[in-house]
Amino acid sequence: MKTFMIERYGDRAGVRAGEMPDPQVGVDDVLVRIHAASVNPLDLKLRDGQFKAFLPYRLPLILGNDLAGVVVQVGPAVTRFAVGDEIYARPDKDRIGTFAELIAVHQDDVAIKPATLTMEEAASLPLVALTAWQALVERARVQPGQKVLIHGGAGGLGSIAVQLAKALGAQVATTASTAKVDLVKELGADVVVDYRAQDFETVLDGYDVVLDSLGGETLKKSLRVLKPGGKAISVAGPPDAAFARELGTNAILRIVMSALSWKTRRRAKRRSVTYSFLFMKASGDQLRELTPLIDAGKIRPVVDRVFPFDQTRQAMEYVEKGRVKAGKVVVAMT
């Protein structure tokens, strides 16, 4: 099958087209002919080897972390899906590789594609929608009337998180550039801070939850806008020991990750708030929870541009160079 892969870490020019054997289908797997996949910042970090200490992939590695497509074969223990089903999924972290014609995915990580979406739209959602769900529903347990700050409301994660927080009944604030203020308001943001003109720390206060996708100084300031008991959840900040335990890493890595986040956790504790790092997990069940919200129009995908499959490398460069105006970049296989 045709793929886009890397043969070594850290080489920006190393993403190349290549042939790989068709996947083997396990007893609990569905084999999917991929129609579309989306590009995530995670793909760039994996390419550069940023996670190789705790995600030891075997090279060559096919990149790509979410997809939409059609089931073409099912394993003998599969009960939820049949050949011909249109599905979308984020494969488990140990089984990525959606920049390819085919992929075998465990049935627990797959859901029927929302009926209202095209393949390209559906492919843009799994990773960011699951991240938003796991941050806001599973970890923060957002309740109606709570105040939630979503950074980067026009981005891939932010655009979905704003809509989900609003669907949960929260009062939603977000940060965005001047050109994207109208878009994030359309997505449901109640308060928009133009970060080119204002410092969000000076205009926001008393928030229950912050979802941070930027890290660094933004995360540091985010702790200050939370009220006592508030929660800062970051996908870009320093990893913590809880994340290391989830991965099942050894004691040394757990100590290292705990040390990396020590300053942030100490700052949070001083303000009587909590900090946690989130690395999303694959979940077909959670996608099934999200699907009715999507089909009802409460969450809509934001797709910036669709590249043909043979331009996957260019699609990744487009994301890396910050050319995305809003939402996600998608690679279409057909």
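Residues numbered from 1 in each chain as written. Predicted model: local features only at pLDDT ≥ 70, side-chain atom pairs only at ≥ 80, totals over all residues. Heavy atoms only, no water.

Draft legend 1. Examining the packing of aromatic side chains more closely. Under the definition given, this model contains five aromatic pairs. Centre to centre, the rings of Phe-4 and Phe-309 are 5.3 Å apart; their planes meet at 90°, and the pair counts as edge-to-face. With Phe-4 in strand β1 (residues 2-6) and Phe-309 in the loop between β15 (303-308) and α12 (312-320), the pair connects residues that are 305 residues apart, well separated along the chain. Judged by its relative accessible area of 6%, Phe-4 falls in the buried class. The class of Phe-309 is buried, set by a relative accessible area of 11%. On the numbers, 4.9 Å between centres and 65° between planes, the contact of Phe-243 with Phe-277 is edge-to-face. (Phe/Tyr/Trp six-rings, centres within 6.5 Å; stacked < 30°, edge-to-face > 60°. Helix = DSSP H or I, 4+ residues; strand = E, 2+ residues; numbered from the N terminus. Buried < 20%, exposed > 50% of the residue type's maximum accessible area, 1.4 Å probe, protein only.)

Draft legend 2. Molecular detail of the sheet that holds strand β13 (residues 226-234). Overall, parallel pairing links the six strands, which are arranged β11-β10-β9-β12-β13-β14 in an open sheet. A strand with exactly one partner marks an edge of an open sheet, and here the two such strands are β11 (191-194) and β14 (274-277). Strand-to-strand, the axes of this sheet are offset by a mean angle of 15°, without reference to chain direction. Sheet analysis places strand β9 (residues 147-150) next to strand β12 (residues 207-212), joined by three bridges and oriented parallel. When the bridges of β12 are listed, Val-148 appears paired with Val-209. The strands that helix α3 (residues 126-139) touches are β9, β12, β13 and β14; relative to β13, the one it contacts most, it runs at about 150°. Lying over the sheet, helix α7 (residues 216-225) contacts β9, β12, β13 and β14, oriented at roughly 155° with respect to β13. (Pairing = 2+ DSSP bridges. Axes fitted to C-alpha atoms, helices over the stretch in contact; angles between N-to-C directions. Contact = heavy atoms within 4.5 Å.)

Draft legend 3. Here's a closer look at the packing of α7 against helix α10 (residues 262-270). Orientation of α7 relative to α10, taken along the N-to-C sense of each, is 15°, at an axis distance of 9 Å. Between α7 and α10, the interaxial angle falls into the category roughly parallel. Considering the relative orientation of α7 and α10, their crossing is right-handed. When α7 is examined against α10, the residues Leu-219, Lys-220 and Leu-223 are found in contact with a partner set consisting of Thr-264, Arg-267 and Ala-268. (Parallel < 35°, antiparallel > 145°, perpendicular 65-115°, else oblique. Left-handed = near helix turned anticlockwise from the far one by under 90°.)

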